[in-house]
Amino acid sequence: MERGRGIDDYEPVPFQPGPPVDRYGFIKQNVSNSSAAEGLAKSREARSVRKWRKMIGVGGSDWKHYVRRKPHVVKRRIRKGIPDCLRGLVWQLISGSRDLLLMNPGVYEFSNSKRGENWSVSSFIINFLLSYVYTLFSNSNTTVMCLILTSWILFSFNLMPHWQFVLFYQLVIYETSASELDIIRDISRTFPTHVFFQQRHGPGQRSLYNVLKAYSVFDRAVGYVQGMGFLAGLLLLYMSEEDAFWLLVALLKGAVHAPMEGLYQVGLPLVQQYLFQFEHLVREQLPKLGKHFSREMINPSMYASQWFITVFSYSFPFPLALRIWDVFLFEGVTIVFKVGLALLKYCHDDLIHLPFEKLIHALRNFPEDAMNPNILLPMAYSIKVSRSLSESKIEYEKKYGNANAIIEE
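Here is a short report on the structure shown in this document. (Residues numbered from 1 in each chain as written. Predicted model: local features only at pLDDT ≥ 70, side-chain atom pairs only at ≥ 80, totals over all residues. Heavy atoms only, no water.)

## What about the overall build of the chain?
Summing up its helical and strand segments, the chain has 22 helices and zero strands in all. Buried positions account for 47% of the 409 residues belonging to the chain. Taking as baseline every contact in the chain between residues at least 6 positions apart, the subset at least 24 positions apart corresponds to 74%. Counting every atom, the chain has about 22000 Å² of accessible surface; 56% of that belongs to carbon and sulfur. (Helix = DSSP H or I, 4+ residues; strand = E, 2+ residues; numbered from the N terminus. Buried < 20%, exposed > 50% of the residue type's maximum accessible area, 1.4 Å probe, protein only. Contact = heavy atoms within 4.5 Å. Areas by Shrake-Rupley, 256 points an atom, 1.4 Å probe, with all protein chains shown as cover.)

## Details of the environment of Leu235
In this structure, Leu235 sits in helix α12 (residues 228-236). Given the relative accessible area of 0%, Leu235 is considered buried. Between the alpha carbons of Leu235 and Leu247 there is a distance of 8.0 Å; along the sequence they are twelve residues apart. Setting aside residues up to four positions removed in sequence, Leu235 forms contacts with Trp91, Ala244, Leu247, Leu248 and Trp325.

## Details of helix α14 (residues 269-285)
Along an α-helix, a turn takes 3.6 residues, which lines up residues three or four apart on a common side. For α14, which comprises 17 residues, the first-to-last C-alpha distance of 25 Å matches the rise-based estimate of 24 Å (1.5 Å per residue) to within 8%. The complete set of buried residues in α14 reads Pro269, Leu270, Val271, Gln273, Tyr274, Leu275, Phe276, Gln277, Phe278, Leu281 and Val282. Residues of α14 that are buried in the fold lie against α15 (287-295), α16 (305-310), α18 (334-346) and α22 (386-400). (Expected span 1.5 Å × (residues − 1).)

## Points about unusual backbone geometry
One non-glycine residue, His201, lies in the positive phi region at around 60°. A residue is classified by how much of its surface remains accessible, and His201, at 52% relative accessible area, is exposed.

## Here's the deal with the packing of helix α11 (residues 203-218) against α12
Packing of α11 against α12 leaves a shortest axis separation of 10 Å and a crossing angle of 125°. On the basis of their axis angle, the class for α11 and α12 is oblique. In the crossing of α11 with α12, the sense of the turn from one axis to the other is right-handed. Contact residues: α11 offers Ser207, Leu208, Val211, Leu212 and Tyr215, while α12 offers Met228, Gly229, Ala232, Gly233 and Leu236. Here the residues of the contact of α11 with α12 are counted per class, giving seven nonpolar, three polar and no charged. (Axes fitted to C-alpha atoms, helices over the stretch in contact; angles between N-to-C directions. Parallel < 35°, antiparallel > 145°, perpendicular 65-115°, else oblique. Left-handed = near helix turned anticlockwise from the far one by under 90°. Nonpolar A, V, L, I, M, F, W, Y, C, P; charged D, E, K, R; others polar.)

## As for the packing of aromatic side chains
By the definition in use, this model includes 30 aromatic pairs. Judged by centre distance (5.9 Å) and plane angle (35°), the rings of Trp91 and Trp325 are tilted. Highlighted residues: Trp91 in helix α4 (residues 87-95) and Trp325 in helix α17 (residues 318-331), separated in sequence by 234 residues. Residue Trp91 is classed as buried on the basis of its relative accessible area of 0%. Seen in terms of ring centroids, Phe278 and Tyr303 are 6.5 Å apart; in terms of plane orientation they differ by 70°. Their pairing is edge-to-face. One end of the pair, Phe278, is in helix α14; the other, Tyr303, is in the loop between α15 and α16, and 25 residues separate them in sequence. (Phe/Tyr/Trp six-rings, centres within 6.5 Å; stacked < 30°, edge-to-face > 60°.)

## Some points on a positive patch on the surface
Together, Arg44, Arg47, Arg50, Lys51, Lys54, Arg76 and Lys80 make up a region of like positive charge exposed at the surface. Elements that contribute at least two residues to the positive patch include exactly α1 (35-56) and α3 (71-80). If you tally residues by element for the positive patch, the top one is α1, at five residues. (Patch = residues over 30% accessible without salt bridge, like charges linked within 9 Å, V, L, I, M, F, W, Y side chains within 5 Å. Salt bridge = Lys/Arg side-chain N within 4 Å of Asp/Glu carboxyl O. Lys, Arg positive; Asp, Glu negative; His and termini not counted. Charge placed at Lys NZ, Arg CZ, Asp CG, Glu CD.)

## What about the packing of α4 against α17?
Two elements in contact, α4 and α17, have axes separated by 8 Å at closest approach and are oriented at 25°. The orientation of α4 with respect to α17, classified from their angle, is roughly parallel. Remark: the crossing between α4 and α17 carries left-handed chirality. Listed contacts from α17 to Arg87, Trp91, Ile94 and Ser95 of α4 are Leu322, Arg323, Trp325, Asp326, Leu329 and Phe330.

## Some thoughts on the nonpolar core
Of all hydrophobic cores here, the largest spans 103 residues; its most connected members are Trp91, Tyr303, Trp307, Trp325 and Leu344. For Trp91, the residues in contact, after removing those within four places along its chain, are Ile82, Leu234, Leu235, Tyr238, Met239, Leu247, Leu322, Trp325, Asp326 and Leu329. (Core = buried A, V, L, I, M, F, W, Y, C linked by side-chain atoms within 4.5 Å.)

## Side note on the environment of Arg323
With respect to the element layout, Arg323 can be found in helix α17. Judged by its relative accessible area of 14%, Arg323 falls in the buried class. Along the sequence, Arg323 and Arg79 sit 244 residues apart, while their C-alpha atoms lie 7.4 Å from each other. What Arg323 contacts, discounting residues up to four positions off in sequence, is Arg79, Lys80, Gly81, Arg87, Pro373, Asn374 and Leu377.

Next comes the structure, spelled out in structure tokens:
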């Protein structure tokens, strides 16, 4: 009689590895062996991490003190690039979103040690009150504000623990939004080559949907506009949903710098202003190229709109986009103008000879060497734009009126 086959007699199914990814989680297009260069970069980053940890302290506790004492050191180190392992925390510190976490119930992980066990006695009343407010104002524009007010009163009297703070954020997510279908439609288009966002209805896409929908409920005047997904997606690669949500709020509402909400409001008023200012800068600082653009009837709306709407996160190489975002969150939108000018300056001699069709293609597909952060960014830092931006902003408002009156710079 033939003996039965044991488990060891079966050949194992060969393991099918997934596609190779880079250090950021994007699928590699070209697999190259650069272990020596990567090893040197890791060694440099390790030294940088040690300096940054001393600078920010545990959980960012020393950050504000260090910025006040040595602002020039902070600026120099940010321009060199924030270490990737600390990027999420530092972005929250320099954007002001960490402070928003403290001020807004629903997201800040507050210690319950001072509340003792009293909250457990009142939890039923708290839940009833929150549920009543939610039901009473369901599908109303006042829902979120009522929930914030109710939650803040309860928190102020030490009646609400962290888990009920989270209830606010969950209610924002579960509120209905007119933008839901638009968000769902665009989710698969956001960083489609990143492993976190590739799986349909996977954790990455769900998190992106939650953040975008939460913001569309939080700020119904803005809602959702295509392009916001790249901002939220970038943030989600470095922080939790709640942290990404409040950093988005910090950017659009102007916690530290000029509000960005005008980039996404009806008519894109701030986009129109920025494009006007950028065209003014090109004519001023690159006059020959500016004249060539005029002859070929090229204007910034044909190539630069996404630069401002997504802060270069849409089509630029990810390492370069990260370095730009480091500076953008600390210094504001001027870096977008500077990087745009640096790109045109770097490719000036090629662009100035191209006809319309080839010019449009070149402006949307810059060469790889132009996208090297260590070449492009020092060039961008050397460009002065503040005076020109102030003058062109005044000129724009005289010519077109203050179409974006709610946005203060």
